[in-house]
Amino acid sequence: MAALMKHWREASTLILISSCHPSKIVSPVFVNGSNSQRRSLLKGTDYEMLLLKRSPKSKFMPNMYVFPGGVAADVDFSSEWIGVFDFLGRDQRQNIFDFLQRGGEGTPMFSRIREPKFSNIPSEVAFRICAIRETFEESGVLLVRDASKNRDNWWPNLWDKPSEAGFIKDQSVINEWRSKVDKDPEEFLRMCQKLKLVPDVWSLYEWSNWLTPTFEGRRFDTAFFICCVQGKPHAVEDEGETVHSQWTSPSFLLSQYKDGKANIAPPQLYESFRLIRFNISDLLKFSWHRSQYRVGRWLPVLISCADGSMMLMPGDSLYPADVKPRVRWRNVYTRRQYLNCFRHVKIYTV
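Owing to the predicted nature of the structure, the values given are computational and were not obtained by experimental measurement.

Enquirer: Got a minute to help me understand helix α6 (residues 171-183) in this structure?
Expert: Residues separated by three or four positions in an α-helix point in the same direction, a consequence of the helix having 3.6 residues per turn. An ideal rise of 1.5 Å per residue puts 18 Å on 13 residues; α6 measures up with 18 Å between its terminal C-alpha atoms. Ile 174, Trp 177, Arg 178 and Val 181 are the residues of α6 that are buried. One face of α6 carries all of its buried residues, which in axial projection span an arc of 110 degrees. On the buried face of α6, the contacting elements are α5 (123-139) and α7 (186-195).

Enquirer: Looking at this model, I keep getting lost on the pattern of salt bridges. Mind explaining?
Expert: A side chain with one charge can pair with a side chain of the opposite charge if their charged atoms come near. If you walk through the whole model with that rule in mind, you get 15 salt bridges. Across the salt bridge formed by Lys 232 and Glu 48, the nearest N and O atoms sit 2.3 Å from each other. Linking Lys 232 in the loop between β8 (220-229) and β9 (242-248) with Glu 48 in strand β2 (residues 47-54), this pair joins segments that are 184 residues apart in sequence. Here Lys 232 falls in the partly exposed class, since its relative accessible area comes to 37%. Note that Glu 271 is salt-bridged to Arg 274, the shortest N-O span being 2.9 Å. Taken together, the residues Glu 271 and Arg 274, both in helix α9 (residues 266-275) and three residues apart, mark about one turn of the helix. Comparing Glu 271 with Arg 274 shows no difference in burial state: the two are buried.

What counts and how
Residues numbered from 1 in each chain as written. Predicted model: local features only at pLDDT ≥ 70, side-chain atom pairs only at ≥ 80, totals over all residues. Heavy atoms only, no water. Helix = DSSP H or I, 4+ residues; strand = E, 2+ residues; numbered from the N terminus. Expected span 1.5 Å × (residues − 1). Buried < 20%, exposed > 50% of the residue type's maximum accessible area, 1.4 Å probe, protein only. Arc of directions from axis to C-beta. Contact = heavy atoms within 4.5 Å. Salt bridge = Lys/Arg side-chain N within 4 Å of Asp/Glu carboxyl O.

Set out below in structure tokens:
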């Protein structure tokens, strides 16, 4: 399989961003940091992000709020996608593929050598296709463009602008194909071929790469992409993997988490704290300018102490300089003894 490794599977997640009305801006009620940082964060954000609540029956992160996404399928790496992108013209297709790789070699999930039949398109393209496909399957939001309309204006003029991907208005078409894709990921390719749709991969910016920590039984190496859209597409949970969908600001989500009203997976919690520092205009500019660089691979590190455990996240003072993705960390001291060895430590405790 294209995305199956010995210790984990490879996956994609999409942070979908849409501007919101000023009346819906919610400021966080808890902020750490300097006075200037507090004043900046208390302004709140002018956008919302799409979150889905996983089913309580899920084997992985049940009842957690997550961004849409899922495991990559063989079809995401199919050579038939070259024909789909050739709807734009071969030169345009090659320009897009080259642009998505412009930052050089990425993390192992992007740079590793795959079997020849899964190497016809760049992994940077395949994992974006996966993110778009999984978002469609889980929420009904379809980030594609009609290849028969205004294709000359798509690229490269829209790299630094919100996506204007044409959401299909006919709900019966959405429902029909969503049901097919849910049963068979290959149907996403067939849909694009039949309806002459091109996945809007150039509007997805590489944001982060999270590897599930060693203490989880099911592990995933996941590429996080971010996409800002014009307008707010209608999202509906699939009532299978997901049981609830909502558009919410990072501020409101963190407030809900603080009050114990929302269970949030660690990467989503971490990314919400990062996102809260941007308005949508600055977020788009930042994503655009940073796209010339590649991200590193992160994972939460759980340290087992004598009286409990501590979860270290990237940026914490105690976060290991050289994280081993298959090593468990242990410490014979209590959490207090361990922390007393350091000053100015920020840390997540569990």
